[in-house]
Structure formats: structure tokens, C-alpha cells
Amino acid sequence: RRLPDPKNDWKGPRGTGWQTTIYAPADYHEGMQVGVKLGTEIAPGRYLLDIDLDWASGIRFASRFLPSTGFAFGRKSKPVGHSFYTTSTPVASFKFKDVDANKTTLVERRGTNADGSIGHQTMLPPSIHRESGETVTLRSDGEITHNDAVAECVTLYAVACLLGRHWPANGS
């Protein structure tokens, strides 16, 4: 379920119909970005969900709120930026944003579109992170954790990030 992306100057696939196209290894060549379709059933009753830890300073809270998983990756400046899970039913994508003026994204729960269709993907190692130019590398290359409560755990993690960004420094 990997997606070839012939250009490294944009985020996400741009080809028409990528959501339903099945790509073969021959579709890839050296230097391509590699992505995976989210919300897809990767094994019977196991739908892929990516937790994108966007706010780097909040990653320190992740182990307290998110279940551990055997498959995570990141880059040099953010060693763990993505953690993969599976759930028994597809989970819709949702961005948890800060209340600040910029509406900074704290964490994304990345699965299906709201209507349940496939429409999101995540770059996998050894792709190149567009903004930083850093190589995306594996941090854990094991079994993806199956956990039907992970969507609720992400909500709690987002609350922790909000508190972490806005709690008064003195006395905290």
C-alpha cells in the first residue's frame, strides 16, 4: 500500500485516483518519496491509524497518554513524530489545534476522511521531510499495536499539550 511520489517538492501524492490505485514495487525508483494510505484495512479487522505528533515540545507527554507501539518513526530534529496503530473499525482523521491566534496543530489523528473514504497518507522512511530536508528514519520497527481506545487517548494527549503550552510557569 505504498505510494510512489515522483517529486520531492510537495507533500502528499498528486496523481489522480491515488486513493484507489494499487502500486507495485516496479512503480518505485531511487529517490522517490514513499507513503502509506491511512484508514486502510492492512489485515482482517485492522485499520491503519497514524498519530502525528506535530508539536515537538509535547512529545514528552506522549508516553503518558498514548499506548506504546512497535512502529514509530521521525527525523533527526524530531526522533518520534509518527506512531502507527490499528483499530477494529476505521477512525476518521482529526486535527487537534491550539487556541492560540495561529491555531497551531498539536497532534493529528490520521485515518480516513470524515465520510469514511481513503484520502490521507503519511510518508514513510526513507522519505525526505520537505521542510527540514531531513531523512525520515525508523525508531521502532516492530508490530503495530492494535488498540481500539487509541482515538480517545489522542484526545487526552491533546489536552495535555494544551495545558503544557498555556499553564503558568510559576507553581506548575
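Structure shown above.
Just so it is clear, the model here is predicted, and its values are computed rather than measured. (Residues numbered from 1 in each chain as written. Predicted model: local features only at pLDDT ≥ 70, side-chain atom pairs only at ≥ 80, totals over all residues. Heavy atoms only, no water.)

Notes on the packing of aromatic side chains
Here the structure, examined in full by the defined rule, presents four aromatic pairs. With a centroid separation of 5.4 Å and an interplanar angle of 55 degrees, the aromatic rings of Phe 71 and Phe 84 are classed as tilted. Residue Phe 71 is located in strand β5 (residues 71-75), and its partner Phe 84 is located in strand β6 (residues 78-87); the two are separated by 13 residues in the primary sequence. When its relative accessible area of 14% is taken as the criterion, Phe 71 is described as buried. Its relative accessible area of 2% is what places Phe 84 among the buried residues. With centroids separated by 4.8 Å and ring planes inclined at 70 degrees, the aromatic side chains of Phe 94 and Phe 96 adopt a geometry described as edge-to-face. Here the aromatic cluster, defined as three or more aromatic residues joined through ring pairs, consists of Phe 71, Phe 73 and Phe 84. (Phe/Tyr/Trp six-rings, centres within 6.5 Å; stacked < 30°, edge-to-face > 60°. Helix = DSSP H or I, 4+ residues; strand = E, 2+ residues; numbered from the N terminus. Buried < 20%, exposed > 50% of the residue type's maximum accessible area, 1.4 Å probe, protein only.)

Focus: the pattern of salt bridges
If you walk through the whole model with that rule in mind, you get six salt bridges. In this structure, the salt-bridge partner of Arg 110 is Asp 50, at a minimum N-O distance of 3.8 Å. Separated by 60 residues along the polypeptide, Arg 110 in strand β8 (residues 105-110) and Asp 50 in strand β4 (residues 46-52) bring together distant segments of the chain. On the basis of relative accessible area, Asp 50 is assigned to the buried category, the value being 0%. For Glu 108, the salt bridge is made with Arg 110, and the minimal N-O distance between the two is 3.5 Å. (Salt bridge = Lys/Arg side-chain N within 4 Å of Asp/Glu carboxyl O.)

Remarks on the side chain of Thr 112
Tracing the chain through its elements places Thr 112 in the loop between β8 and β9 (121-124). On the accessibility criterion, Thr 112 (3% relative accessible area) is buried. Among all residues touching Thr 112, those that are not within four sequence positions of it are Gly 39, Pro 90, Val 91, Ala 92, Ser 93, Ser 117 and His 120. (Contact = heavy atoms within 4.5 Å.)

What about the nonpolar core?
Membership of the largest hydrophobic core comes to 20 residues, with the highest contact counts inside it found for Ile 51, Leu 53, Leu 66, Val 107 and Tyr 157. Secondary-structure elements contributing two or more residues to this core are β4, α1 (59-65), β8 and α2 (150-166). Excluding residues that lie within four positions of it along the chain, Leu 66 makes contacts with Ile 51, Leu 53, Tyr 85, Cys 153, Val 154 and Tyr 157. With 10 residues, the next largest nonpolar core counts Val 34, Phe 73, Phe 84 and Met 123 among its residues. (Core = buried A, V, L, I, M, F, W, Y, C linked by side-chain atoms within 4.5 Å.)

Considerations on α2
Taking 1.5 Å of rise per residue, the 17 residues of α2 would be expected to cover 24 Å, and the 24 Å separating its terminal C-alpha atoms lies within 8% of that figure. For α2, the full list of buried residues reads Val 150, Ala 151, Cys 153, Val 154, Tyr 157, Ala 158, Ala 160 and Cys 161. Viewed end-on, α2 has its buried residues packed into an arc of 165 degrees, placing them on one side of the element. Against β4, α1, β6, β7 (94-97) and β8 lie the buried residues of α2. (Expected span 1.5 Å × (residues − 1). Arc of directions from axis to C-beta.)

Quick notes on a nonpolar patch on the surface
The grouping of Val 159, Leu 163 and Trp 167 at the surface amounts to a nonpolar patch, some 310 Å² of accessible area in total. Here Leu 163 is to be found in helix α2. (Patch = residues over 30% accessible without salt bridge, like charges linked within 9 Å, V, L, I, M, F, W, Y side chains within 5 Å. Areas by Shrake-Rupley, 256 points an atom, 1.4 Å probe, with all protein chains shown as cover.)

Digging into the state of the cysteines
Evaluation of the coordinates by the stated rule reveals zero disulfides. Cys 153 carries a free sulfur, and the closest cysteine sulfur to it, the one in Cys 161, is 13 Å from it. Using a relative accessible area of 17% as the deciding quantity, one classes Cys 153 as buried. (Disulfide = S-S within 2.5 Å.)

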